[in-house]
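Structure at a glance
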Amino acid sequence: MTRLCTLLSVILFSVYQTEQAYFLEKDYIDQINSQATTWKAGHNFDPKTTKETILQLLGSKGVELAKKTKLSEFKTHDEAYDNLCHRIPSKFDARKKWKHCRTIGKVRDQGNCGSCWALSSSSAFADRLCIATEGEFNELLSAEELTFCCHRCGFGCHGGYPIKAWEYFRRHGLVTGGDYQSDEGCQPYRVAPCPIDEYGNNTCSGQPMERNHRCTRTCYGNQDLDFQDDHRFTRDAYYLTYGTIQKDVLAYGPIEASFEVYDDFLSYKSGNVNRGVNYVILCL
């Protein structure tokens, strides 16, 4: 019996070892810095963080879905693009272009929850709504409602599909909602943030993932708001091609994008990383 227990312990220890995120270790980061010429790597997570923990934070399932999407579902032209062809600048900063929109450039903390798909889509929607109304609407929209009430969008803290979030905005709309414990808007985000400690480590590392919240259909932040009346809607939902991304940003504002994460991305500190497909818009 003792031998059996010892054997099981060895097996369990071996499995645990294979779960460690090797790409967070110092030797691996040093190897990156010895080869990378345009960017620097450093410690963002505790080296003991498991690969499973990292994977739980990668919540966008849009990369896989977009690959299977018909070309007809991509937006290739818009009347607003017509006059942009010869005015695409070499540099563009939405924060400077639309200074009156306080949401543009704001970085939100998803906490220990794979809800990046919801925070990014609700943030881009808020940015675009501010631009479209010329600042009449100028606040955050609720990542809380989107994450935990849109059951067709995905799995809450376990990931979701950005395109389905935009379809949700079109059909059901989205209420306002600020950051954790802010009481701003109808439904503020209720997942605690994961700040970096004095040693540069993520404070949520190694902690259990946030359990999905119960969908609430009342305003618990600013209780003077009416839940139904507070919903904002978008006109449409679409994918963008490489040739329309720049035009759409210039015409309507920030967009949401999903990308495949490589193991060295988790250690990014500064600089420029060129990876993936480069694209150029040609105007004739």
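Look above for the structure.
Scoring rules and cut-offs
- Along each chain, the written sequence defines residue order, and numbers are assigned to residues from 1.
- Restriction of local features to residues with pLDDT of at least 70 applies here, the model being predicted, together with a cutoff of 80 or more for giving and counting side-chain atom pairs; totals for whole chains, interfaces and linings are based on all residues.
- Excluding hydrogens and water, the side-chain figures rest on all heavy atoms present in the structure.
- Helix and strand assignments follow DSSP, with helices taken as H or I runs no shorter than four residues and strands as E runs no shorter than two, numbered in order from the N terminus.
- Relative accessibility decides the category of a residue: with a 1.4 Å probe and only protein chains considered, values under 20% of the type maximum give buried, values over 50% give exposed, and everything between is partly exposed.
- Pairing of N or O atoms within 3.5 Å defines a polar contact, subject to two protein rules: one partner must be a possible hydrogen donor and the other a possible acceptor, and residues neighboring in sequence count only if both atoms are side-chain atoms.
- Contacts are residue-level and defined by heavy atoms, with any inter-residue pair within 4.5 Å sufficient.
- Two distance rules govern patches: like charges are joined within 9 Å, and nonpolar side chains (Val, Leu, Ile, Met, Phe, Trp, Tyr) within 5 Å, applied only to residues with over 30% relative accessible area and no salt bridge.
- Values of accessible area rely on a 1.4 Å probe in the Shrake-Rupley scheme; residue burial ignores everything except the protein chains shown.
- What makes a salt bridge here is a side-chain nitrogen of Lys or Arg within 4 Å of a carboxyl oxygen of Asp or Glu, nothing more.
- The definition of a nonpolar core used throughout is a set of buried Ala, Val, Leu, Ile, Met, Phe, Trp, Tyr and Cys residues joined through side-chain atoms within 4.5 Å.
- When the centres of two rings from Phe, Tyr and Trp lie within 6.5 Å, Trp using its six-membered ring, the rings pair. Their planes under 30 degrees apart give stacked, over 60 give edge-to-face, and anything left gives tilted.

1. So, the side chain of Thr216
Locating Thr216 in the fold gives a position in the loop between α8 (162-171) and β3 (239-240). With a relative accessible area of 16%, Thr216 lands in the buried category. Polar contacts involving the side chain of Thr216 include one to the side chain of Arg190, which spans 3.2 Å. Here Thr216 is in contact with Cys149, Gln187, Arg190 and Phe227, once residues within four sequence places are set aside.

2. Regarding a nonpolar patch on the surface
Together, Leu55, Leu58, Phe259, Val261, Phe265, Tyr268 and Val273 give the surface a local cluster of nonpolar side chains, amounting to about 600 Å² of exposed area. For Leu55, the location among the structural elements is in helix α3 (residues 51-57).

3. Some thoughts on the nonpolar core
Judged by nonpolar contacts, the single largest core of 18 residues is most densely connected at Leu146, Cys153, Tyr168, Phe169 and Leu174. Those elements that place two or more of their residues in this core are α6 (116-132), α7 (143-149) and α8. Top element by residues in this core is α6. It accounts for six residues. With near-sequence residues (within four places) excluded, Leu174 lies in contact with Ser122, Phe125, Leu141, Ser142, Glu145, Leu146, Tyr168, Phe169, Asp230, His231 and Arg232. Within the second largest apolar cluster, eight residues are counted, among which are Cys113, Leu119, Cys157 and Met209.

4. A word on the packing of aromatic side chains
Applying the stated criterion across every chain, the model contains nine aromatic pairs. Centre to centre, the rings of Tyr22 and Phe23 are 5.3 Å apart; their planes meet at 80°, and the pair counts as edge-to-face. Of the residues examined, Tyr22 reaches a relative accessible area of 43% and is grouped as partly exposed. Where Phe125 meets Phe169, the ring centres are 4.7 Å apart and the plane angle is 25°; that geometry is what we call stacked. With a gap of 44 residues between them, Phe125 in helix α6 and Phe169 in helix α8 connect regions that are remote in the sequence. Overall, the relative accessible area of 3% leaves Phe125 in the buried class.

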